[in-house]
Amino acid sequence: MEIHIDLTGTRGHRDAIYRQLRAAILAGRIRPGEALPPTRELAQRLAVSRTTVSAAYDRLTAEGFLAGRVGAGTFVTASPAEHPSPAPDGAGVRPLPEWDAVPPPPAPFAPAPEFDFRPGVPDLSRFPFDTWRRLVTQRLRVGQADLMTYGDPQGHAALRAEIARHAGISRDVRASAAQVVVTAGAQQTTDLVARVLLRAGDLAAVEDPGYPPPRLVLGARGVRVAPVPVDESGIVVDAIPAGTRLVYVTPSHQYPLGLPMSLDRRLELLDWAERNDAVLVEDDYDTEFRYTGRPLEPLHSLDSRGRVVYVGSFSKVLSPALRLGFLIAPPSLVPALVKARYLTDWHAPNVEQAALAAFMAEGGFARHVRRMRKVYRARHEILSRSLASFGDFLTPLPSSAGLHLSAVAATDCGGLVRAARRHGVRLYSLADFGVGERRHGLVFGYGAVATERIEPGLARLRALADEGAA
Ligand SMILES: Cc1ncc(COP(=O)(O)O)c(C=O)c1O
């Protein structure tokens, strides 16, 4: 193992070697079981005497960090947990207060409950593993070295072309590949757009109830965020405060209510944006899955002035772990957005982008969407039907797309949600998505729950509701 030890400017070489090795072990940079270089070799490399290195090793051995095995060498024994070293608390260094308002990220890999109705996740057991493995492997062959260097911050050209084609066919979003920027998912779009359009103190508006991350992203950048109520036609345009520079909306499938924004409201919002010199961010996160009726035209297609940034994600169609999404922006914004992407994290991983481009080009992506639409349509039907058995307690909101549906209730559902979680049913309260007016109700995702588990899960929930857990 090539351990980096720096003796420049140090006088006590033995102490310096001891301290640096100890710090590396405590930080987990050298792990239990790993062998240290023989004393002779390290002494030569550092141009010190072998006795100096042996003395440092002896001290670490005496303290329990190392153990020698005759004929085999010297090994690390201790894990950092056994030798906790208090990290300096950094009390004098504080993040900006904006960050205090941002909740901690959700815990990854929490074990799945028996009945998982969380919204926003697809059925990952049906991810096209074999095809994806083939496509990635093909791109990891010698001769594909160009994929291993820095890529285009705007996104892999073949993928941008496929995205422009896909958005045109499936959503009637007319745009060229030059208007597409590949992102690390929809969430990054709000950040990139805010970077190029908003200063700290500027005003932006989000739907209330709404998807929390965009509100938090904007708030963490020091942007003032106005939650604007949503009625059965969509965001209430009259309630958007004067001076708002950016409005984030989910017109196809309002998150979390599930209702589409009416055509009149779309036109009113576009007109408002034009009169108020504002930009609209249209998050079209899950409309690949539509079960009945024809989708309304996206804001992007209705927009004749170029005020809409259209946002798509591969998180719902494929997997959120890919961290791949895209935005389609007016040409006036593209160069700045590309620079923002470059300065933030340079670009999305090349191999995955190229694999996705090939998946789309060979038709696998469209087939996967069709297959999954059938699966989710069946779940949507079962869920809608079964919710009727809750009688007056729950009124499902009309929904014809996506991976979740919401139902309103006459009373607060927080107690029921907590009781349900204790009994293996994970779901969310509508109130969790509200900022101002908190609506009573429940949000049911059906991406993660297997089709045959929907009815038993709801039966358990109903029993808890009947017991008065609400
Ligand atoms: C409204 C909305 N937009 C976007 C996303 C997807 O975000 P990302 O592409 O960052 O994974 C989600 C996921 O839950 C969502 O609910």
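Residues numbered from 1 in each chain as written. Predicted model: local features only at pLDDT ≥ 70, side-chain atom pairs only at ≥ 80, totals over all residues. Heavy atoms only, no water.

**A closer look at the domain arrangement of the protein**
Often the size quoted for an interface is simply the accessible area lost on bringing the parts together.
Okay, so step 1: Splitting the protein by domain gives domain 1 (13-82), domain 2 (115-121 + 367-466) and domain 3 (146-362).
Okay, so step 2: Look at where the C-alpha atoms of domain 1 and domain 2 centre, and you get two points 56 Å apart. (Domains from an automatic or database assignment.)

**Some words on the sheet that holds strand β2 (residues 66-69)**
Okay, so step 1: The three strands lie next to each other as β1-β3-β2, forming an open sheet whose pairing is antiparallel. With partners counted over all chains shown, the strands left at the sheet margins are β1 (35-36) and β2, one partner each.
Okay, so step 2: Alignment of β2 against strand β3 (residues 73-76), held across four bridges, turns out to be antiparallel. Paired with Leu66 across the bridge in β3 is Val76. (Pairing = 2+ DSSP bridges. Helix = DSSP H or I, 4+ residues; strand = E, 2+ residues; numbered from the N terminus.)

**Things to note about helix α8 (residues 263-275)**
Each α-helix turn comprises 3.6 residues. Residues three or four places apart therefore point the same way.
Okay, so step 1: The terminal C-alpha atoms of α8 lie 18 Å apart, and with 13 residues this matches the ideal 18 Å at 1.5 Å per residue to within 8%.
Okay, so step 2: Turning to α8, its buried residues number three or more, namely Arg265, Arg266, Leu269, Leu270, Trp272 and Ala273. Down the axis of α8, the smallest arc covering the buried residues is 160 degrees, so these residues share one side. Opposite the packed face of α8, turned more than 90 degrees from it, sit the exposed residues Asp264 and Arg275.
Okay, so step 3: Following α8 by one or two positions, Asp277 adopts a phi angle in the positive range, close to 55 degrees. (Expected span 1.5 Å × (residues − 1). Buried < 20%, exposed > 50% of the residue type's maximum accessible area, 1.4 Å probe, protein only. Arc of directions from axis to C-beta.)

**Thoughts on the site of the ligand**
Okay, so step 1: The ligand sits among 13 residues. The nearest are Ala186, Asp283, Ser313, Ser315 and Lys316.
Okay, so step 2: At a separation of 2.5 Å, a nitrogen atom of the ligand approaches a polar side-chain atom of Asp283.
Okay, so step 3: Contact with the protein chains covers 93% of the free accessible surface of the ligand, which is 390 Å².
Okay, so step 4: Of the residues assigned to the shell around the ligand, the class counts are five nonpolar, five polar and three charged. (Near = heavy atom within 4 Å. Polar contact = N/O pair within 3.5 Å; in protein donor to acceptor, adjacent residues only side chain to side chain. Areas by Shrake-Rupley, 256 points an atom, 1.4 Å probe, with all protein chains shown as cover. Nonpolar A, V, L, I, M, F, W, Y, C, P; charged D, E, K, R; others polar.)

**What to know about the environment of Thr39**
Okay, so step 1: The residue Thr39 is located in helix α2 (residues 39-46) in this model.
Okay, so step 2: The class for Thr39 is buried, based on a relative accessible area of 16%.
Okay, so step 3: Linking Thr39 and Thr344, residues 305 residues apart in sequence, is a C-alpha distance of 43 Å.
Okay, so step 4: Other than its neighbours up to four places away in sequence, Thr39 contacts Arg50, Val53, Ser54 and Tyr57.
Okay, so step 5: Side chain to side chain, Thr39 and Arg50 meet in a polar contact 3.1 Å long. (Contact = heavy atoms within 4.5 Å.)

**Comments concerning a positive patch on the surface**
Okay, so step 1: Residues Arg367, Arg370, Arg371, Lys374 and Arg377 make up a contiguous surface patch of positive charge.
Okay, so step 2: Relative to the helices and strands, Arg371 is located in helix α12 (residues 364-387).
Okay, so step 3: Accessibility expressed as a relative area gives 49% for Arg371, which makes it partly exposed. (Patch = residues over 30% accessible without salt bridge, like charges linked within 9 Å, V, L, I, M, F, W, Y side chains within 5 Å. Salt bridge = Lys/Arg side-chain N within 4 Å of Asp/Glu carboxyl O. Lys, Arg positive; Asp, Glu negative; His and termini not counted. Charge placed at Lys NZ, Arg CZ, Asp CG, Glu CD.)

**Quick look at the sheet that holds strand β10 (residues 279-283)**
Okay, so step 1: Across the sheet, which stays open at both edges, the eight strands sit in the order β5-β12-β11-β10-β9-β6-β7-β8 with mixed pairing between neighbours. This sheet does not close on itself; its edge strands, each paired only once, are β5 (180-183) and β8 (234-235).
Okay, so step 2: With four bridges connecting them, strand β9 (residues 244-249) and β10 associate as parallel partners. Along β10, the bridge assignment pairs Val247 with Leu280.
Okay, so step 3: Its contacts with the sheet put helix α6 (residues 186-197) on β5, β9, β10, β11 (308-313) and β12 (325-328), and the angle it makes with β11 is roughly 155 degrees. (Axes fitted to C-alpha atoms, helices over the stretch in contact; angles between N-to-C directions.)

**A look at the packing of helix α4 (residues 129-138) against helix α11 (residues 350-361)**
Okay, so step 1: Put simply, α4 and α11 touch, their axes get as near as 9 Å, and they point 120 degrees apart. Between α4 and α11, the angle falls in the class oblique. Our pair here, α4 against α11, has a crossing hand that is right-handed. Contact residues: Thr131, Trp132, Leu135 and Val136 in α4; Val351, Glu352, Ala355, Leu356, Ala358 and Phe359 in α11.
Okay, so step 2: Tallied by class, the residues present in the contact of α4 with α11 amount to eight nonpolar, one polar and one charged. (Parallel < 35°, antiparallel > 145°, perpendicular 65-115°, else oblique. Left-handed = near helix turned anticlockwise from the far one by under 90°.)

**Things to note about the packing of aromatic side chains**
The geometry of an aromatic ring pair is captured by the separation of the ring centres together with the interplanar angle, meaning the angle of the planes.
Okay, so step 1: For the structure on display, the rule yields 15 aromatic pairs.
Okay, so step 2: A centroid spacing of 3.8 Å and a plane angle of 10 degrees characterise the contact between Tyr150 and Trp346, whose relative ring orientation is stacked. One end of the pair, Tyr150, is in the loop between α4 and α5 (157-171); the other, Trp346, is in the loop between α10 (334-345) and α11, with 196 residues separating them in the sequence.
Okay, so step 3: Since its relative accessible area comes to 59%, Tyr150 is described here as exposed.
Okay, so step 4: Aromatic pair Phe390 and Phe393: ring centres 6.5 Å apart, planes at 35 degrees, arrangement tilted. For the pair Phe390 and Phe393, one class covers both residues: buried.
Okay, so step 5: Every member of this aromatic cluster is reached through a ring pair, and the members are Phe127, Phe129, Trp132, Tyr310, Phe314, Phe326, Phe359 and Phe365.
Okay, so step 6: Over the ring of Phe75 we find Arg69; its NZ or CZ atom is 3.8 Å from the centre of that ring. (Phe/Tyr/Trp six-rings, centres within 6.5 Å; stacked < 30°, edge-to-face > 60°. Lys NZ or Arg CZ within 6 Å of the ring centre and 35° of its normal.)

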